[in-house]
Every structure is written in structure tokens, then in C-alpha cells.
Amino acid sequence: MKLELSKCVVCNETGQRTQEYSTQELNGIMLSLLKENGIDESQVRVSDTGDMMLNGVPSLKLHSMMLKAEELGLQMKYTQKMQIEIY
């Protein structure tokens, strides 16, 4: 049996984006912000659809990165999932 817990937070819903970015530009911006916050690229996986998945990133570093992204006018949705497997 598997239990999956999910927590979702939407940031900067009312903020105005100052510029439209392509998926590649957004990936570059996010990788730069992650690096600035001490998050190693080995902890980041980018899927074929452009989704970024982070493994083992401390919450404080992630929060700091999200605040910087908000300053850039980016709208973010943060979803944290925990999966528990019971045998």
C-alpha cells in the first residue's frame, strides 16, 4: 500500500509579471537562482516537459530561492509530496 501526502502553496498570485519568458529562459533563471542559494545542480532534474524536480533541498534554501523569484515577478506553485510505502 502507498500513502501520498501533498502540500501545495501558490506564491505571488496577484503579482504582475514584468516580462514573458520561454521555457528555456525560465529554466536558466531558476538554475541560476538555485545556484545562488547553494543548491547543487546534481539535486535538480529537468523532465522532457520542462518540469524541475528537486531532491534533498533544505526548506530554508528553497524558501529563499522562491522569494528571489517573486522579486523577479515570477508566479510560482510549490508542491511537496511525500510517499510512504507500507509492506
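Preceding block: the structure.
Definitions and cut-offs
- Residues numbered from 1 in each chain as written.
- Predicted model: local features only at pLDDT ≥ 70, side-chain atom pairs only at ≥ 80, totals over all residues.
- Heavy atoms only, no water.
- Axes fitted to C-alpha atoms, helices over the stretch in contact; angles between N-to-C directions.
- Helix = DSSP H or I, 4+ residues; strand = E, 2+ residues; numbered from the N terminus.
- Parallel < 35°, antiparallel > 145°, perpendicular 65-115°, else oblique.
- Left-handed = near helix turned anticlockwise from the far one by under 90°.
- Contact = heavy atoms within 4.5 Å.
- Nonpolar A, V, L, I, M, F, W, Y, C, P; charged D, E, K, R; others polar.
- Buried < 20%, exposed > 50% of the residue type's maximum accessible area, 1.4 Å probe, protein only.
- Core = buried A, V, L, I, M, F, W, Y, C linked by side-chain atoms within 4.5 Å.
- Expected span 1.5 Å × (residues − 1).
- Arc of directions from axis to C-beta.
- Patch = residues over 30% accessible without salt bridge, like charges linked within 9 Å, V, L, I, M, F, W, Y side chains within 5 Å.
- Areas by Shrake-Rupley, 256 points an atom, 1.4 Å probe, with all protein chains shown as cover.
- Salt bridge = Lys/Arg side-chain N within 4 Å of Asp/Glu carboxyl O.

(A) Structural context of the packing of helix α1 (residues 23-36) against helix α2 (residues 59-71). Where α1 meets α2, the axes come as close as 9 Å, and the angle between the chain directions of the two elements is 135°. One finds that α1 runs oblique with respect to α2. As α1 packs across α2, the resulting crossing turns out to be right-handed. For the pair α1 and α2, contact is made by M30, L33, L34 and E36 and by M65, K68 and A69, respectively. Tallied by class, residues from the contact of α1 with α2 come to five nonpolar, no polar and two charged.

(B) Geometry of the environment of E36. Looking at the element boundaries, E36 is found in helix α1. On the accessibility criterion, E36 (52% relative accessible area) is exposed. Sequence separation between E36 and T49 is 13 residues; the distance between their C-alpha atoms is 24 Å.

(C) Local environment of the nonpolar core. With 16 residues, the main nonpolar core has M30, L33, L62, M65, M66, L74 and M76 as its most contacted residues. Those elements giving two or more residues to this core turn out to be α1, α2 and β4 (76-85).

(D) Structural context of α2. Taking 1.5 Å of rise per residue, the 13 residues of α2 would be expected to cover 18 Å, and the 19 Å separating its terminal C-alpha atoms lies within 8% of that figure. If you check which residues of α2 are buried, you get L62, M65, M66 and A69. On an axial view of α2, the arc spanned by its buried residues comes to 100°, and they lie on one face. When the buried face of α2 is taken as reference, the exposed residues oriented beyond 90 degrees from it are L60 and E71. In this structure, the buried side of α2 is in contact with β1 (2-11), α1, β3 (52-54) and β4.

(E) Focus on a nonpolar patch on the surface. Taken together, the side chains of M1, L3, L5, M82, I84 and I86 present a nonpolar region at the surface, about 560 Å² in accessible area. Among the secondary structure elements, those contributing two or more residues to the nonpolar patch are β1 and β4. Here I84 lies in strand β4.

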